[in-house]
Amino acid sequence: MNITDKITELKEQKNALILAHYYQRPEVQEIADYVGDSYYLSKVAKDSPNKMIIFCGVKFMAESAKILSPNKTVLLPASDAGCPMADMASSEPLAALKKQHPDAAVVCYINSTAEVKAECDVCVTSSNALSIIRKLPNKKIIFLPDKNLGEFIAKQIPEKEFILWNGFCITHKKVTPDSIKELKAIKKDALVLTHPECESAVRDLSDFIGSTGEIISYAKKSKASDFIIVTEQGVLHQLKKENPDKNFYVPGNTMTCINMKKTCLEDIYECLKYESNSIELDEELRLKALTSLENMHKYVG
Ligand code: 13P
Ligand code: SF4
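Residues numbered from 1 in each chain as written. Chains lettered and ligands numbered in written order. Predicted model: local features only at pLDDT ≥ 70, side-chain atom pairs only at ≥ 80, totals over all residues. Heavy atoms only, no water.

> Could you give an account of the site of ligand 2, naming the residues involved and the relevant values?
Around ligand 2, the neighbouring residues are Tyr-23, Val-58, Cys-83, Pro-84, Met-85, Asn-111, Cys-169, Glu-197, Cys-257 and Met-260. Here the residues of the shell around ligand 2 sort into 8 nonpolar, 1 polar and 1 charged. (Near = heavy atom within 4 Å. Nonpolar A, V, L, I, M, F, W, Y, C, P; charged D, E, K, R; others polar.)

Listed below in structure tokens is the structure:
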């Protein structure tokens, strides 16, 4: 039996659900029951009846699933798959910032630790940050940890005042405006589709800015046939699969998230077999972090 068949057999025996983010390796995306962006996967994990979830992504994703579903077993196949951006924010300096701005709503990107979520009013992803922040009654917003997503949202809601944390994604920071311009000089008709975690000089060169899921649906609906994709290269798998007649180009060859690529089929098999790498959270912390995630799901409806 090959590894794929072994995973499928065990998954059925244990009635487990395999979720994979769009940045995962192609073979991991192929074995998953659902593939999606951060918001979609959070919703599937929360709403699914399965008691065991194998979350092929990074720690904050599996942790968010556990916060929302404490009675489910949530396993992270690559136990050391973290998100450096999530680790750029911590609860102590956040508590100090909150004291300075007691009237501000505290909004955290889902790419944050449970400790940070516990200090926040509402959690957002790149697909819903704009609509959720627009709905908040507060004029002042503390947004963390991604300053790039924060800037992108702040520009579209000029009536609110934003206090931005100084975090960033090391993967999206690697792409340069020149690498996009060079590609655009060759592929003149290509549309530039960019993730908001990129810096403003890169966002300014874009035709569309959105989450991984939004980039994929934009390319699918578009009448254009050529696209320059400015996010982690894992999205190319679904883009090519869903659009075999369209062309996708990447600026440079730098946009690989090493943490997202840590999960291999062998890890999924081991994790399913031994039920290892289970996410466990202190109950007091989980309850504190729960509010911000529940609020996100309530706002999106
Ligand atoms: P989305 O899937 O929500 O676009 O997020 C991208 C990301 O960087 C996840 O770590
Ligand atoms: Fe974190 Fe960036 Fe990797 Fe997403 S792509 S998991 S934000 S380091």
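Don't stop here, the text continues.
> Account for the pattern of salt bridges, with residues named and values stated.
As enumerated under the stated definition, the model contains 13 salt bridges in all. Asp-33 serves as the salt-bridge partner of Lys-11, at 2.6 Å between the closest nitrogen and oxygen. Note that Lys-11 is positioned in helix α1 (residues 3-14) and Asp-33 in the loop between α2 (26-31) and β2 (34-36), a separation of 22 residues in sequence. Residue class for Lys-11 comes out buried when judged on its relative accessible area of 13%. (Salt bridge = Lys/Arg side-chain N within 4 Å of Asp/Glu carboxyl O. Helix = DSSP H or I, 4+ residues; strand = E, 2+ residues; numbered from the N terminus. Buried < 20%, exposed > 50% of the residue type's maximum accessible area, 1.4 Å probe, protein only.)

> Tell me about the pairing of strand β11 (residues 226-230), and please be specific about residues and values.
Burial analysis of β11 places 5 of its 5 residues in the buried class, the great majority of the element. By the alternation rule, side chains of β11 split into Asp-226, Ile-228 and Val-230 and Phe-227 and Ile-229, which are all buried. Sheet topology places strand β9 (residues 191-194) next to β11; 4 bridges connect them, and they run parallel. Residue pairing across strands places Thr-194 opposite Val-230, the latter belonging to β11. (Pairing = 2+ DSSP bridges.)

> For the nonpolar core, give the residues involved together with the corresponding values.
Of all hydrophobic cores here, the largest spans 94 residues; its most connected members are Ile-54, Phe-55, Ile-133, Phe-143, Leu-144, Ile-229 and Ile-268. With 6 residues, helix α4 (residues 59-68) is the largest single contributor of residues to this core. When neighbours within four sequence positions are excluded, Ile-133 is seen to be in contact with Val-107, Ile-141, Phe-143, Ile-153, Ile-157, Lys-160 and Phe-162. In terms of nonpolar packing, the next biggest core, distinct from the first, is built from 11 residues, Ile-180, Ala-190, Val-192 and Val-202 among them. (Core = buried A, V, L, I, M, F, W, Y, C linked by side-chain atoms within 4.5 Å. Contact = heavy atoms within 4.5 Å.)

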